[in-house]
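Close look at the chain arrangement
Chain by chain, the residues run as shown.
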Amino acid sequence: MSEHPTTGLDDLVHQRHRLGILTITAEAKRVEFGYLRENLELTGGNLSRHIAVLEEAGLLEVEKGYDGKRPKTWVHITAMGRKALAEEIAALRALVARHDG
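In this text, all values refer to a predicted model and were calculated from it rather than measured experimentally. (Residues numbered from 1 in each chain as written. Predicted model: local features only at pLDDT ≥ 70, side-chain atom pairs only at ≥ 80, totals over all residues. Heavy atoms only, no water.)

**Regarding the pairing of strand 3 (residues 70–77)**
Pairing of strand 1 (residues 31–32) with strand 3 involves 2 bridges; the strand directions are antiparallel. What sits directly across from E32, in strand 3, is W74. Bridging between strand 2 (residues 60–67) and strand 3 involves 8 bridges; their strand directions are antiparallel. If you follow D67 over to strand 3, its bridge partner there is R70. (Pairing = 2+ DSSP bridges. Helix = DSSP H or I, 4+ residues; strand = E, 2+ residues; numbered from the N terminus.)

See below:
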């Protein structure tokens with residue numbers, strides 16, 4: 001008997017906001033913190049915590065700098081983050097395929 005597709009879901013990645021952060025960062029070279037905050041409808045503190053968790057796991061990298069005189073924070077997905085996202089999407093596809101038949 002094959003494993004159920006839900007065994008392939010990663011709790012670190014599957015959490016709704018973290019999955020949103022990874023999918024948005026996978027679509028761009030880098031993403032500004034404010035863009036993520038607005039699009040995911042999170043507070044700055046909540047977003048910071050999710051980013052820290054993903055960064056600690058090696059799935060994201062954070063870059064701090066300036067846009068003119070304004071401090072900015074940019075986030076980009078790592079190769080490990082892309083792999084984790086791809087595995088999560090594959091598990092979700094397998095789950096959907098199991099129920100579409």
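Moving on, there is more to tell.
**Remarks on the packing of helix 3 (residues 33–40) against helix 4 (residues 44–56)**
The geometry of helix 3 relative to helix 4 is characterised by a closest axis approach of 10 Å and an angle of 110° between their N-to-C directions. In terms of orientation, helix 3 and helix 4 fall into the roughly perpendicular class. Between helix 3 and helix 4, the contacting residues are F33, L36 and R37 on the first element and G44, L47, S48 and I51 on the second. When the residues that make up the contact of helix 3 with helix 4 are grouped by side-chain class, the tally is 4 nonpolar, 2 polar and 1 charged. (Axes fitted to C-alpha atoms, helices over the stretch in contact; angles between N-to-C directions. Parallel < 35°, antiparallel > 145°, perpendicular 65-115°, else oblique. Contact = heavy atoms within 4.5 Å. Nonpolar A, V, L, I, M, F, W, Y, C, P; charged D, E, K, R; others polar.)

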